[in-house]
Protein chains: 2
Amino acid sequence: MTLPPEFALIARHFRPLAGEGALGLTDDAALLAPPPGRELVLAADAMVAGVHFLPDDPAETIGRKLLRVNLSDLAAMGADPLGYLMTIALPRGTPDSWLEAFTLGLARDQAEYGLSVLGGDTVSTPGPLTLSLTILGTVPPGQALRRSGARPGDEIWVTGTIGDGHLGLAAARGTLADPDGYLADRYRLPRPRLSIGRALRGVATACMDVSDGLVQDLGHLCRASDCGAVIHASSIPRSPAAQDADISALITGGDDYELLFALPPGSLPSGMAATRIGQFTATSMDVVVLDDAGRPMPLTRQGWSHV
Amino acid sequence: MTLPPEFALIARHFRPLAGEGALGLTDDAALLAPPPGRELVLAADAMVAGVHFLPDDPAETIGRKLLRVNLSDLAAMGADPLGYLMTIALPRGTPDSWLEAFTLGLARDQAEYGLSVLGGDTVSTPGPLTLSLTILGTVPPGQALRRSGARPGDEIWVTGTIGDGHLGLAAARGTLADPDGYLADRYRLPRPRLSIGRALRGVATACMDVSDGLVQDLGHLCRASDCGAVIHASSIPRSPAAQDADISALITGGDDYELLFALPPGSLPSGMAATRIGQFTATSMDVVVLDDAGRPMPLTRQGWSHV
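Parameters at a glance
Residues numbered from 1 in each chain as written. Chains lettered and ligands numbered in written order. Predicted model: local features only at pLDDT ≥ 70, side-chain atom pairs only at ≥ 80, totals over all residues. Heavy atoms only, no water. UniProt positions renumbered as here; feature names shortened; annotations may be inferred. Contact = heavy atoms within 4.5 Å. Buried area = accessible area lost by both parts, 1.4 Å probe. Salt bridge = Lys/Arg side-chain N within 4 Å of Asp/Glu carboxyl O. Polar contact = N/O pair within 3.5 Å; in protein donor to acceptor, adjacent residues only side chain to side chain. Nonpolar A, V, L, I, M, F, W, Y, C, P; charged D, E, K, R; others polar. Pairing = 2+ DSSP bridges. Helix = DSSP H or I, 4+ residues; strand = E, 2+ residues; numbered from the N terminus. Axes fitted to C-alpha atoms, helices over the stretch in contact; angles between N-to-C directions. Parallel < 35°, antiparallel > 145°, perpendicular 65-115°, else oblique. Left-handed = near helix turned anticlockwise from the far one by under 90°.

Looking at an unreviewed UniProt entry, one finds chain A named Thiamine-monophosphate kinase and attributed to Rhodovarius crocodyli. The record in UniProt for chain A states the following under Catalytic activity (unreviewed entry): "thiamine phosphate + ATP = thiamine diphosphate + ADP". Per UniProt, chain A carries the Function (unreviewed entry) text "Catalyzes the ATP-dependent phosphorylation of thiamine-monophosphate (TMP) to form thiamine-pyrophosphate (TPP), the active form of vitamin B1."

Structure follows, in structure tokens:
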């Protein structure tokens, strides 16, 4: 009996990605003995062509972006990756070569981040390519980083640089010069800060990842922690490629996938690469951004909404 | 600070569905202590409007269908439901009333099947409504039902009736008479056979759910178990509404979501509602369907492929 197209496709492209527990992707579900003495951390994100990535982005980076966006959620909780399930709504007529590059990218990131696919589903769609991924990770009991523990007086820190993803979208679209491709790469391939998240367990009082704009995401952290926040525009870390960009665009644009966290003063773990950008306050749940002269900056928007 | 539309939508419609571990859907991920002494069972399915359900199906049944399709995968493994994550790519301009009905349906099924939402993502799409759901369940260690244990001589059994979902699609489209709405309801709301799956632990030698056509799915079971199968067309259980339908359409149409399982002769648990339809053989990995005269029936197709 010849396998119908769906199952041949799974066997050819996805079975090589399957890890322990996936049962070769031939059963109704995956089967996993949870690591003893750990809590599970679970997150899911979806991406739509033309909304979260460009339809002509390289196939090799599209699946990796979705995997890394989800890994960034694990990093934000201080979790270690365990595995993932992915569903793909594939436009009819997608060539086999596209799937080959797509799964090659996933294979590279599975090796880099130490996890493998547990299951999923491939369906066809008359609409744009639509991907959904559920990630599983683990933390020692009670040690997950949460958004709700920041206290007035805690310092506000971020990893990496802010705004490259936002500029990278323009670069990938060809509307911004990007001679060495640095910015487009930052848009297409986030760097989930897993080792920093892990090192913040028991140290940070609150943590989240910045995905929808620094100001808006800091607002979420303030609401969860019942604090206000003051940050200094001049202290926002920028990459060399972002030195001349408008600061308000950098701090309200999406796709950073850096960690934003709260530390009691003076408690940054030694050797950790991060930048202090401000302080939590008791005054309100608002985020105030101060310009170079110490005046609150007016912002026309806070960040991204996906609906 | 006013919440942007995405977060207001989550707070209004999805937070009421959130259970233990979901952290009110306000953190980066869910946090779950896995039930001690159990294995995890994980599956994911996607559905696209116009492909897996009709664009004008009632909003209330669309989310329930996806949840039940995934619950059917848990049933096939003999697992108990634990929770789920759902991502929704929502066409722009979807009215709030649609989401209200959609989440009301989910709330009803959460109560019926004893699980709750752990997380997810809502994004907008220029294409059709596209849903993805990852389900988590648990089984006692080593007791998950698999596809691979059927042996020549084992009996082939199915739950419920076969072909109602296939006819129900035609009924929902208005191309088949369905005076009492029974068939359309079978298409829109599968009945995951969780209690039967549970009762088959340690009894069935193989099990799966029938979703893409009985003949094709039985072929999967045969390949996984390295067996052949002979089934009798006259023994296929049919609902009253399917009595006059073409048998080859019933056994190759999709959307049954019944359990198909292998039992050593005479080992059906007492009181279990199921129908014996044939026997596994040692002859090949093919599925042979015998007609009333005992002759192999020619079938133009085996079942559904989703790509």
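And the narrative resumes.
## Considerations on the interface of chain B and chain A
Opposite the 71 residues of chain B that make contact, chain A presents 71 residues. For the pair chain B and chain A, the summed buried area comes to about 5,800 Å², and 63% of that belongs to carbon and sulfur atoms. There are four salt bridges connecting chain B and chain A. Here B:Asp27 and A:Arg146 are joined by a salt bridge, their closest N and O atoms 2.8 Å apart. Inspection of the chain B/chain A interface yields 18 residue pairs in polar contact (both at pLDDT 80 or more). Considered class by class, the residues forming the side of chain B that touches chain A number 39 nonpolar, 17 polar and 15 charged. Pairing analysis gives three bridges linking strand S1 (residues 30-32) of chain A to strand S2 (residues 39-48) of chain B, with the strands arranged antiparallel. Following the sheet pairing, A:Ala30 is matched in S2(B) by B:Leu42.

## Quick look at the packing of helix H1 (residues 5-14) of chain B against helix H3 (residues 96-113) of chain B
All names here are of chain B. As a packed pair, H1 and H3 sit with axes 10 Å apart at the nearest point and diverge in direction by 40°. Taken together, the axis directions place H1 and H3 in an arrangement best described as oblique. Note that H1 runs across H3; the crossing there is right-handed. For the pair formed by H1 and H3, the contact residues are Leu-9, Arg-12, His-13 and Phe-14 on the first element and Asp-96, Leu-99, Glu-100, Phe-102 and Thr-103 on the second. Looking at side-chain class alone, the contact of H1 with H3 contains four nonpolar, two polar and three charged residues.

## Some thoughts on the sheet that holds strand S3 (residues 80-91) of chain B
Taken in spatial order, the five strands line up as S1(A)-S2(B)-S5(B)-S3(B)-S4(B) in an open sheet, and their pairing is mixed. Either end of the sheet is taken by a strand with one partner, and the two such strands are S1 of chain A together with strand S4 (116-125) of chain B. Neighbour to neighbour, the strand axes of the sheet diverge by 15° on average, direction disregarded. Taken together, the ten bridges between S2(B) and strand S5 (residues 130-139) of chain B define a ladder with antiparallel strand orientation. The residue bridging B:Glu39 from the neighbouring strand is B:Val139, located in S5(B). Running over the sheet, H1(B) touches S3 and S4 of chain B and is turned about 140° from S4(B).

## A word on the sheet that holds strand S6 (residues 155-158) of chain B
All names here are of chain B. Here six strands make up an open sheet; going across it, the order is S7-S9-S6-S10-S8-S11 and the pairing mixed. Strands at the two margins of the open sheet, each flanked by one partner only, are strand S7 (206-210) and strand S11 (287-290). Between one strand axis and the next, the sheet turns by 25° as a mean value, whatever way the strands run. In terms of strand pairing, S7 meets strand S9 (residues 258-263) through five bridges, oriented antiparallel. Residue pairing for S9: Ala-206 is matched across the bridge by Ala-262. Along the sheet face, helix H2 (residues 59-76) touches S7 and S9 and points at about 165° away from the line of S7. Relative to the sheet, helix H7 (residues 214-225) contacts S6, S7, strand S8 (228-232), S9, strand S10 (275-281) and S11, its axis offset from that of S7 by approximately 155°.

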